[in-house]
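Single-letter residue listing:
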Amino acid sequence: MVEQGIGARLTRKEDDRLMRGRGQYVADIRLAGMQDVAFLRSPIAHGRIRNVTVPPQYNDAVFTSADLVGVKPIRAVSSLPGFKASEQPVLATGKIRQVGELIAMCVAPTRAEAEDIAASLTLDIEELPAVHDMLAARAPDSPLVHEHWGDNVVLETFADIDIAKAFDAPIKVTRELRTARQAMCPMEGRAVVAAWDSRLEQLTVHTAAQMPHINRNGLSECLSLDQAAVRVISPDVGGGFGYKGILLPEEICLSWLTMKRGHPVRWIEDRREHLTASANCREHHYVITAYADRDGTLRGIDCEAHVDSGAYSSYPFSACLEAAQVVSILPGPYDFPAYRCRTFAVATNKCPILPYRGVARTGVCFAMELMLDAIAREVGMEPYEVRLKNLVRPEQMPFDNITKKHFDSGDYPQALRRAIGAFDLPAIRERQRRVEPDGRLIGFGLAVYCEQGSHGTAVYAGWGVPMIPGHEQATARLTPDGGLELRVGVHSHGQSLETTLAQVAHEILGVDVSKVRVVLGDTALTPYSTGTWGSRCAVMAGGAVASACREIAERAKQIGAKLLQADAASVTFRDGRVVSASGDVGIADIARTWYLRPQDLPGDVHRGGLEATVGYKPPVDSGTFSYAAHAALIAVDPEIGDVEILDYVIAEDGGKLINPMVVDGQIYGGYAQGIGTALYEEMPFDSAGQPLASTFADYLLPGPTEVPAPRLDHMETLAPYTLFGQKGIGEGGCIAPPAAITNAVNDALKGFGAELSVSPITPRRVLEAIAAAAANPAERAGAAA
Amino acid sequence: MKPARFDYERPRELGAALALLAGDNVTTKVLAGGQSLGPLLNLRLVQPDIVVDITAIPEMIRVEEEADHLVLGACITHADIEDGRVPDVTNGAMRDVAAGIAYRAVRNRGTIGGSLTSADPSADWVSALAALGAEVILRGATGTRTLPVEDYVVGALETSLGTGELLETVRIPRLSKAARWAYVKKCRKTGEFAHAIGAVLVDPERNVWRAVIGATESRPIVAADARELFGGRGDAAALNTFDARIADRILINAGMSDALDRQIHVVALRRAVAQAAETALQ
Ligand SMILES: Cc1cc2nc3c(=O)[nH]c(=O)nc-3n(C[C@H](O)[C@H](O)[C@H](O)COP(=O)(O)OP(=O)(O)OC[C@H]3O[C@@H](n4cnc5c(N)ncnc54)[C@H](O)[C@@H]3O)c2cc1C
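Residues numbered from 1 in each chain as written. Chains lettered and ligands numbered in written order. Predicted model: local features only at pLDDT ≥ 70, side-chain atom pairs only at ≥ 80, totals over all residues. Heavy atoms only, no water.

1. Here's the deal with unusual backbone geometry
Residue and element names in this part refer to chain A. Tyr 315 connects to Pro 316 through a cis peptide bond whose omega is 5°. Within the element layout of this structure, Pro 316 appears in the loop between strand 15 (298–308) and helix 6 (321–329). Residue Pro 760 is bonded to the preceding Ser 759 through a cis peptide linkage, with omega at 0°. The topology assignment puts Pro 760 in the loop between strand 31 (758–759) and helix 17 (763–775). One non-glycine residue, Val 359, adopts positive backbone phi at about 45°. (Helix = DSSP H or I, 4+ residues; strand = E, 2+ residues; numbered from the N terminus.)

2. Side note on the domain arrangement of chain B
All names here are of chain B. The domain boundaries assigned to chain B delineate domain 1 (7–53), domain 2 (58–173) and domain 3 (180–281). Computed from C-alpha coordinates alone, the two centres of domain 2 and domain 3 are separated by 21 Å. On the domain 3 side, the residues contacting the 25 residues of domain 2 number 20 residues. A combined buried area of about 1,800 Å² lies between domain 2 and domain 3, and 59% of that area is made up of carbon and sulfur atoms. When the buried surface of domain 2 facing domain 3 is broken down by residue, Ser 122, Ser 127 and Ala 131 rank first, second and third, together holding 27% of it. Where domain 2 touches domain 3, the interface holds three salt bridges. (Domains from an automatic or database assignment. Contact = heavy atoms within 4.5 Å. Buried area = accessible area lost by both parts, 1.4 Å probe. Salt bridge = Lys/Arg side-chain N within 4 Å of Asp/Glu carboxyl O.)

3. A look at the nonpolar core
Soluble globular proteins tend to pack their nonpolar side chains together in the buried interior. All names here are of chain A. Within the largest apolar cluster, 151 residues are counted, with the highest numbers of intra-cluster contacts made by Tyr 286 and Leu 330. Ranked by residues supplied to this core, first place goes to helix 7 (residues 361–379) with 11 residues. If you count residues domain by domain, this core takes at least three from each of domain 2 (31–128 + 186–278) and domain 3 (365–445 + 623–784). Residue contacts for Tyr 286: discarding those within four places in its chain leaves Arg 175, Glu 176, Leu 177, Cys 303, Glu 304, Ala 305, Val 326, Leu 330, Gly 363, Val 364 and Ala 367. (Core = buried A, V, L, I, M, F, W, Y, C linked by side-chain atoms within 4.5 Å. Buried < 20%, exposed > 50% of the residue type's maximum accessible area, 1.4 Å probe, protein only.)

4. With respect to the interface of chain B and chain A
Put simply, an interface is often sized by how much accessible area is lost when its parts join up. Listed per partner, the contact involves 20 residues of chain B and 27 residues of chain A. Summed over both partners, the interface of chain B with chain A buries about 2,000 Å², with 50% contributed by carbon and sulfur atoms. Where chain B packs against chain A, one counts seven salt bridges. The partner of B:Arg271 in a salt bridge is A:Asp637, with the nearest N and O atoms 2.7 Å apart. Our count for the contact surface shared by chain B and chain A stands at 15 residue pairs in polar contact (both at pLDDT 80 or more). No other element matches helix 10 (residues 259–281) of chain B, which puts seven residues into the side of chain B that touches chain A. Considering only residue class, the side of chain B that touches chain A consists of eight nonpolar, two polar and 10 charged. (Polar contact = N/O pair within 3.5 Å; in protein donor to acceptor, adjacent residues only side chain to side chain. Nonpolar A, V, L, I, M, F, W, Y, C, P; charged D, E, K, R; others polar.)

5. Points about the site of the ligand
Residue and element names in this part refer to chain B. Within the structure, the ligand sits among 31 residues, and Val 30, Ser 36, Leu 37, Thr 111 and Asp 124 are positioned closest to it. Within the side chain of Ser 36, an N or O atom sits 2.5 Å from an oxygen atom of the ligand. Between the ligand and the protein, one listed contact pairs an oxygen atom with a backbone N or O atom of Leu 37 at 2.7 Å. Contact with the protein chains removes 91% of the 960 Å² of surface that the ligand exposes when unbound. Of all the secondary-structure elements, those providing two or more residues to the shell around the ligand are strand 2 (28–31), helix 6 (112–118) and strand 10 (166–173). When the residues that make up the shell around the ligand are grouped by side-chain class, the tally is 15 nonpolar, 12 polar and four charged. (Near = heavy atom within 4 Å. Areas by Shrake-Rupley, 256 points an atom, 1.4 Å probe, with all protein chains shown as cover.)

Structure follows, in structure tokens:
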């Protein structure tokens, strides 16, 4: 028999359906009488609606905020002191704060006709000066996104741990760094089909979402409906990455509309809506000073960081999570004694920013790792040597770092050594001394990070946002034919949970994975869960499934003991069978007996039968810390600015891998997105706050030829607090590539004295850096001081 | 992102197509491969009453090989050229250019005529066919006229196609065996439009010295006598004497004020010249 339990490289159960095009996504749903919705959206970034004129023939087909009586705006408030709350109107109520903001909802038998109606509306709008740059938004004379705030700061956070002790360090390097605003670009965009069931008196919202129970919370709140009157179904979902974690005003609009009109309605997001209107991610700005000794030992980090939060606070993560996280995670995997960090989450006239795969880590890794290289250049050491001086060492584990993050386990220096060991670094250095035959310059770059994943109640209670994870629950249910049904509240949109959770169940109950059915994505069928985010499913849903299956095993033992006429305490459960001294009985027979031949069981059998819902939370739920070292070998064409990745190595530790092949897939996917952040993806804006990339012709994503296969190297340090030693690893792949690739480019360009400090590394930026260095040979480019 | 309502016609005769285009009180739009028109319709940037699909018209897919020319109907696709389903008179140059356009799905449908008529300065045929010295034959209600490709594309997204006219065929001169050709396209990812193009054709037997700098803000810059780029030399070693300063001056004169922009365009041309010189050695 093929090994199917934890650790098996099993092919994915869901692939048969997904790879043959038999998946069912929201856009595949056809309900009788369904009509399509298109929205009139704001063409400008900041203004006041004076009037919307509807041609009389469309009076019944157009709805504005005045129609949505009783519908509440979206509010995502954090309890962090000083947080300024915003209200995102479902349809604009007067003031417009971003391009793409919803103004009117138009309904027609087809989307094209709905767009005709939207195009027929006349919008009278008073344009206000817009602020689209987060630094400009801090200026005292900036236009205000929310006037009653008095400024544009959503939240300021601050930490100072002995920074003054670093000031006498002999090495001091300062840089100003920036990461571009991005769009998350799942293959499937958002999509909603809403229908009112008059028999059940229930609203059913089919939505491409990764946290369906959270959508349900938000819908029930904004529409003032009982939770029981709302069912959220997320069928197959084509990628989430955080984008499908937010409650969209469109979901509320369509819910209201189906209740108003009685027939199902649908809205399928198009690419322009995705790129320009709903939410972006990643935009950070840092001014950062690193203090060090001449041997590369870090003495302290002093940072002021800004995150462009856009116009509104998205539900449930809020407008401050990204910025506030910067304070606590900027130190990365390093141990140093002094730290100061001030962060600002800043409101601008742009769409909201959302946590995207890797969340703030991609930005802070970029910031820290560029600084470590800057130190290395300053002290004349190899970048890996500087890192080895400062990485938390294995003998320090578990380690509470300077911001009190509890690093659970691992050997960070070993990951770095393994990444370096995959290259012949002396040969690379030698090669750099010669000119490449094609005139290009090669460069070698590193980045190391650790990633908190599966963080639980305590961490989120601290943020005080509308969504705080508690015990994760799973239901396990043996069926009369000996199959197993698992019901979990997280969702799977690329994470392969139908396979990995079945493997966890197989590990406990021995049921063949082909007979394990994993039910996901329906609030009516699954236990409450905060859903899929924060690299939490393997740990939390995996833990919950294992716990529920263990309960089933206990119950099966009782029944099996009866059938074997043995004492329950004397039997064991092994490979799907209850075994006594004299014989054994399989789980299928036990199930058949419970369901179909109850007369064979005595009266005192456990009344819960073969179905159990069990909650799980690790005893220490401050998070698992997976980590990795990334190393990139690249070539830069200094005449045209192109960057090519020649070789890329990822040495990573995700603890126990439930399915190593699935983990490889997660790393590949994250790495591809990391390359996008590093080299291609950027949402530019003009001075009026207009997003300038509204199609994929202008918003560049890496394609297959831009993502050369990385070499992966797995380490395995078991997580001390999780059931099998597994760690969250879903996001990691995209955290380090921007830093590793930028460091490699800077390594290649060091002969010019050129340094890049803004991602993505476009050909234009490469040429500008070289030109700037040529123009000011004395002054190192990139330095802010 | 759905188009506004339109009617669709697919005439089988050239005359019928021209009659549709000449219709009064209706706006029409010609559809070839739809790879550029499709997005324009979906974004509602164009809202014609009638879309006239010309791909069923025999003249539009005709292929004629003459002694010193190849004539290709405007609806011959990039993939037809890439796969060698049509003859080649350019020693493989056109096959290589075709293979570098977009990606396969686009090449299966996108046409040589649609590409020229879209007149995107960054498009490949716009520069490559100008460098090859190709001509277009336009058909209107009153007859045909012939223009060099560089006169057909008059600006960004602008051609000299008259109202009611169709681009019918493209005439490509046959290169001599000793001709040297190189085409360098700089783009950031596979399938992207170019950010800079350099193309050179040196065919001394036919007394042809052409160079093109493409993917500028406007129509490609054509040096019909490229010897100026080689210090005026017209001998075999001329390709080794490329003068980047002259190329730079041409760009300045063409209004390209940004120094880094000029740099990548000059480098693209310089590399094309170097490649052409290398082919000569083989
Ligand atoms: C994702 C993508 C990437 C691309 N990348 C590249 C690239 O790298 N390089 C490149 O060169 N191109 C690229 N293209 C464009 C592609 O080559 C198209 O084939 C080309 O732009 C249009 O050709 P078409 O046959 O599809 O024309 P259509 O879209 O059908 O028509 C384009 C325009 O020309 C008019 N027209 C078409 N044929 C005629 C005719 N015979 N007479 C008069 N008018 C006519 C139409 O009315 C329309 O205005 C790309 C396109 C896409 C979608």
